[in-house]
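# Analysis of the macromolecular model
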Amino acid sequence: LYVFDQQLIQSMKVQSTTTQQDGRFLISDYDYKSTNIEKNGDKYIAKPQITSFKFKTDTRIPKVGVMLVGWGGNNGTTLTGGILANKFNITWNSKGGTHQPNFYGSLTQSSVIKIGTCNTEEVFVPFKDVLPMVNPCDIVFGGWDISSMNLADAMSRAQVVEYDLQQKLRPYLEKLVPLPSIYYPDFIAANQGDRADNVIPGDNKLEHLNIIRKNIADFKQQNNLDKVILLWTANTERFCVEDPNIHGTAERLLQSIESSHPEISASTIFACAACLEGCSFINGSPQNTIVPGVIELAEKAGVFVAGDDFKTGQTKFKTCLVEYLVGAGIKPKAIISYNHLGNNDGKNLSQESCFKSKERSKKTCVDDILESNKVLYPTEEELNIDHTIVIKYCPETGDSKKAMDEYIAEIFLGGRQTFAVYNVCEDSLLAAPLIMDLLLLCELFERIQFSKDASEYQRFDTVLSWLSYLMKAPKSESGITTINSLSRQRAMLENLVKVCAGLTIDDNLRLEVRYG
Ligand code: NAI
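Summarised in this report is the structure supplied together with it. Being a predicted model, the structure only gives us computed values, none of them experimental.

What counts as what
Residues numbered from 1 in each chain as written. Predicted model: local features only at pLDDT ≥ 70, side-chain atom pairs only at ≥ 80, totals over all residues. Heavy atoms only, no water. Near = heavy atom within 4 Å. Polar contact = N/O pair within 3.5 Å; in protein donor to acceptor, adjacent residues only side chain to side chain. Areas by Shrake-Rupley, 256 points an atom, 1.4 Å probe, with all protein chains shown as cover. Helix = DSSP H or I, 4+ residues; strand = E, 2+ residues; numbered from the N terminus. Pairing = 2+ DSSP bridges. Buried < 20%, exposed > 50% of the residue type's maximum accessible area, 1.4 Å probe, protein only. Arc of directions from axis to C-beta. Contact = heavy atoms within 4.5 Å. Core = buried A, V, L, I, M, F, W, Y, C linked by side-chain atoms within 4.5 Å. Salt bridge = Lys/Arg side-chain N within 4 Å of Asp/Glu carboxyl O. Phe/Tyr/Trp six-rings, centres within 6.5 Å; stacked < 30°, edge-to-face > 60°. Lys NZ or Arg CZ within 6 Å of the ring centre and 35° of its normal. Axes fitted to C-alpha atoms, helices over the stretch in contact; angles between N-to-C directions.

Turning to the site of the ligand, a few remarks are in order. Contacts to the ligand come from 30 residues, most closely from Asp145, Ser181, Ile182, Arg195 and Asn344. The separation between a nitrogen atom of the ligand and a polar side-chain atom of Ser181 is 2.6 Å. With respect to the ligand, the side chain of Asn235 contributes an N or O atom lying 3.4 Å from an oxygen atom. Relative to its free-state accessible area of 840 Å², the ligand is covered by the protein chains to the extent of 99%. Breaking the shell around the ligand down by element, the ones donating at least two residues are helix H2 (74-87), helix H12 (344-349) and helix H16 (427-445).

What follows is the structure in structure tokens.
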């Protein structure tokens with residue numbers, strides 16, 4: 001089933017003594033340069049060191065299936081329709097003329113990486129061409145929704161995609177109907193009840209788990225897939241009341257499912273089902289789906305979990321702006337974020353319990369950036385800046401979310417600098433390409449192993465924090481500090497694929513053009 005795409009590898013060939021192709025594996029040696037810091041009284045002793053790593057990438061491209069929870073929502077329909085438009089090169093007309101499909105907003109498909117210098121010119125290639133990656137147009141989509149609408153009608157309901165494109169996609173989408181899903185009304189807003197006409201009956205959570213597991217196994221078999229990835233893009237749930245006795249280990253979690261414990265959410269059942277079926281699971285909403293028991297299940301199954309909450313517009317900008325200010329030695333003192341939106345996500349967030357989940361993930365996104373600078377923030381108290389999040393549901397706005405942020409910062413000699421940022425965009429047109437990146441990168445990372453000092457190869461940690469660039473509140477392996485800075489998150493991803501391909505990481509000194 002695996003397809004080895006020579007074309008992709010040949011679009012850029014690395015000639016180096018530290019990189020070899022061993023059958024289907026691309027193996028690269030990498031000398032990791034880091035600095036070990038020791039504290040001596042109030043002084044730091046810095047000891048630079050070099051550690052030898054090997055990265056081994058399986059270059060076979062698998063046939064991948066993706067199951068979306070919340071397939072009939074704005075993100076689910078936009079992603080599925082957008083990929084089909086690209087796959088079949090469907091053009092559409094608006095009063096502005098004829099439009100071609102593209103993958104704008106996708107890191108892997110539409111951004112580039114500098115691979116080196118040709119004479120004095122820097123050379124860039126698309127991110128997707130550095131390592132063999134799945135073509136998004138080859139992904140088989142499936143999934144669940146508590147609403148029974150087929151994807152063509154659901155796309156019309158979403159009001160995201162242009163009317164003419166909706167019409168052209170209709171023949172493809174009307175055949176796609178979400179599977180019935182698990183619905184625990186207590187976890188999402190009461191106002192969602194009127195669309196819940198596609199629900200697995202009963203309240204036995206173990207039976208629910210088993211049905212979802214069977215759905216995954218059937219989907220994999222019927223579509224002849226090498227692997228399946230699950231992604232939650234359903235409504236934001238309230239946080240479950242986390243308790244080590246209920247969620248703390250794989251065994252306790254499965255017991256709690258067996259006893260249909262009320263604090264087991266639908267999203268956690270999906271995460272468990274994914275792990276038990278050997279599939280990685282990505283949480284695109286802010287709630288605490290990935291409880292410790294899920295991580296243990298994933299670890300045992302050798303799959304990844306990643307979360308939480310897609311980082312699309314406002315938060316991406318926030319992590320950039322705050323990084324710029326703090327990096328410039330300017331002290332942010334207040335961030336006030338207003339949003340109003342009129343899509344179903346906004347409707348769901350109008351219930352306080354669901355809003356609280358969102359507020360939490362939106363609020364933590366600058367913490368580490370502030371904490372890093374002890375010149376600006378010498379005390380805990382000063383770190384406690386005014387960071388306010390307001391979200392209002394305004395149906396007239398549709399999916400065209402408005403985000404208004406005010407940043408107030410302290411500058412030289414007690415002066416003030418205030419930024420007022422107004423961001424308008426179709427929320428799902430930002431989220432869909434980002435979801436695609438999450439899936440493609442998660443799949444790629446399942447094919448990468450690494451080893452230190454010639455010891456045995458190992459996979460990346462179960463909690464895939466490499467994907468943090470795409471997540472509002474990135475989940476990290478225990479003991480590893482979360483990084484929210486967008487430029488550091490992107491550099492991390494770019495450097496990883498370069499290292500795996502045997503390319504040199506760029507330190508931006510550009511000595512090759514400065515010397516001589
Ligand atoms: P949406 O409300 O249009 O879609 C959610 C879908 O999930 C609906 O079709 C609903 O019927 C379905 N659903 C609810 N509970 C379900 C369950 N238990 N099982 C299966 N389906 C279920 O929302 P949208 O705009 O597509 O967003 C999806 C999620 O992504 C939300 O949680 C949102 O907060 C999150 N998100 C969205 C971003 C964006 O830019 N669009 C950014 C960050 C996060």
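Read across the sheet, five strands follow the order E9-E4-E10-E11-E12 without closing on themselves; strand pairing throughout is parallel. Strands with a single pairing partner mark the edges of an open sheet, and in this sheet they are strand E9 (140-144) and strand E12 (305-306). Direction of pairing for strand E10 (residues 227-232) relative to strand E11 (residues 280-283): parallel, over a ladder of four bridges. Of the residues in E11, the one forming a bridge with Ile229 is Ser280.

Once that is clear, we can look at helix H8 (residues 250-258). Residues of H8 that are buried: Ala250, Leu253, Ser256 and Ile257. All buried residues of H8 lie within an arc of 125° about the axis, which places them on one face of the element. Exposed side of H8, more than 90 degrees from the buried face: Glu251 and Glu258 are the residues found there. Residues of H8 that are buried in the fold lie against helix H6 (205-222), helix H7 (244-247), helix H9 (266-276) and helix H10 (292-301).

What follows covers the nonpolar core. Ranked by internal contacts, the top residues of the largest apolar core, which has 69 residues, are Leu441 and Phe445. Sorting elements by how many residues they give to this core places H16 first, with 11 residues. With residues up to four places along the chain from it excluded, the contact list for Phe445 reads Phe304, Phe460, Leu464, Trp466, Leu467, Leu493 and Leu496. Counting 40 residues, the second largest nonpolar core, distinct from the first, contains Val69, Leu253, Val294 and Val305.

Take the side chain of Asn235 next. Here Asn235 lies in the loop between E10 and H7. Of note is the side chain of Asn235, whose polar atom sits 2.9 Å from the side chain of Gln192. Side chain to side chain, Asn235 and Asn348 meet in a polar contact 3.5 Å long. Excluding anything up to four places from it in sequence, Asn235 contacts Ile188, Gln192, Ser285, Gln287, Asn344 and Asn348.

A separate point is the pattern of salt bridges. If you walk through the whole model with that rule in mind, you get 26 salt bridges. Of the charged contacts, one joins Arg238 and Glu263 as a salt bridge, the two residues approaching to 3.0 Å between their closest N and O atoms. Taken as a pair, Arg238 in the loop between E10 and H7 and Glu263 in the loop between H8 and H9 lie far apart in primary sequence, 25 residues in all. Using a relative accessible area of 14% as the deciding quantity, one classes Glu263 as buried.

Our next topic: the environment of Glu352. Looking at the secondary structure, you find Glu352 in helix H13 (residues 352-363). For the pair Glu352 and Ser148, spaced 204 residues apart in sequence, the C-alpha separation works out to 27 Å.

What follows is about the packing of aromatic side chains. Taken as a whole, this structure holds 12 aromatic pairs when the rule is applied. Summarising the aromatic geometry, the rings of Trp144 and Phe270 are spaced 4.9 Å apart at their centres and angled 65° between planes, so their arrangement reads as edge-to-face. Residue Trp144 is located in strand E9, and its partner Phe270 is located in helix H9; the two are separated by 126 residues in the primary sequence. Summarising the burial analysis for this pair, Trp144 and Phe270 share the class buried. Taken together, the ring pairs connect Tyr30, Tyr32, Phe53, Phe55, Phe445, Phe450, Phe460 and Trp466 into an aromatic cluster. A cation sits over an aromatic face here: Arg459 above Phe304, 4.4 Å from the ring centre.

Quick look at the sheet that holds strand E2 (residues 25-40) now. Spatially, four strands are ordered E1-E2-E3-E17 in an open sheet, and the strand pairing comes out antiparallel. Strands with a single pairing partner mark the edges of an open sheet, and in this sheet they are strand E1 (19-22) and strand E17 (448-452). Across this sheet, the average inter-strand angle for adjacent strands is 35°, counted without regard to direction. In the sheet, E2 pairs with strand E3 (residues 43-58) via 16 bridges, with the strands oriented antiparallel.

Purely geometric numbers; function is a separate question.
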